[in-house]
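Below are the chains, spelled out letter by letter.
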Amino acid sequence: MAFITPDFTAAAVALSALSIVSLVALRGWRDWIQLKREELAAAHVAAPNDPGVPNAGSRIEIADLKERLRKLEAIAAGVDL
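Please read these numbers as outputs of a predicted model, since none were measured by experiment.

Colleague: Quick one: what's the story with the pattern of salt bridges, residue by residue and with numbers?
Modeller: Pairs can form between side chains of opposite charge whenever their charged atoms are close. Scanning all chains against the criterion turns up four salt bridges. With its nearest N and O atoms 3.4 Å apart, the salt bridge here joins Arg27 to Asp31. Here Arg27 and its partner Asp31 are both found in helix α1 (residues 6-49), four residues apart, which amounts to about one turn of the helix. When its relative accessible area of 43% is taken as the criterion, Asp31 is described as partly exposed.

Colleague: Outline the packing of aromatic side chains, listing residues and values.
Modeller: Given two aromatic rings, their pairing is described by the distance between the two centres and the angle made by the two planes. Summed over all chains, the structure comprises one aromatic pair. Plain terms: the ring middles of Trp29 and Trp32 are 5.5 Å apart, the flat faces sit at 25° to each other, and that makes the pair stacked. Of the two residues, Trp29 and Trp32 are both situated in helix α1; the distance of three residues between them amounts to about one turn of the helix. Judged by its relative accessible area of 42%, Trp32 falls in the partly exposed class.

Rules used throughout
Residues numbered from 1 in each chain as written. Predicted model: local features only at pLDDT ≥ 70, side-chain atom pairs only at ≥ 80, totals over all residues. Heavy atoms only, no water. Salt bridge = Lys/Arg side-chain N within 4 Å of Asp/Glu carboxyl O. Helix = DSSP H or I, 4+ residues; strand = E, 2+ residues; numbered from the N terminus. Buried < 20%, exposed > 50% of the residue type's maximum accessible area, 1.4 Å probe, protein only. Phe/Tyr/Trp six-rings, centres within 6.5 Å; stacked < 30°, edge-to-face > 60°.

See below:
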């Protein structure tokens, strides 16, 4: 094995280490993405099953409708706002 130089050995070790680190990082990325998918799926499933807690958009719409109703009642009663 006279043809293997220290430079070749160092390059092979560095390439192997880079490959291992890249594979570990890729595995971590895939696991993180899967975790986020599961969180999103759980959020979509949990929200419709609980009708007692409306989401923020629904609460804003309800508040807007209440304000409009209050204004219409005031107009009907002849009160200036």
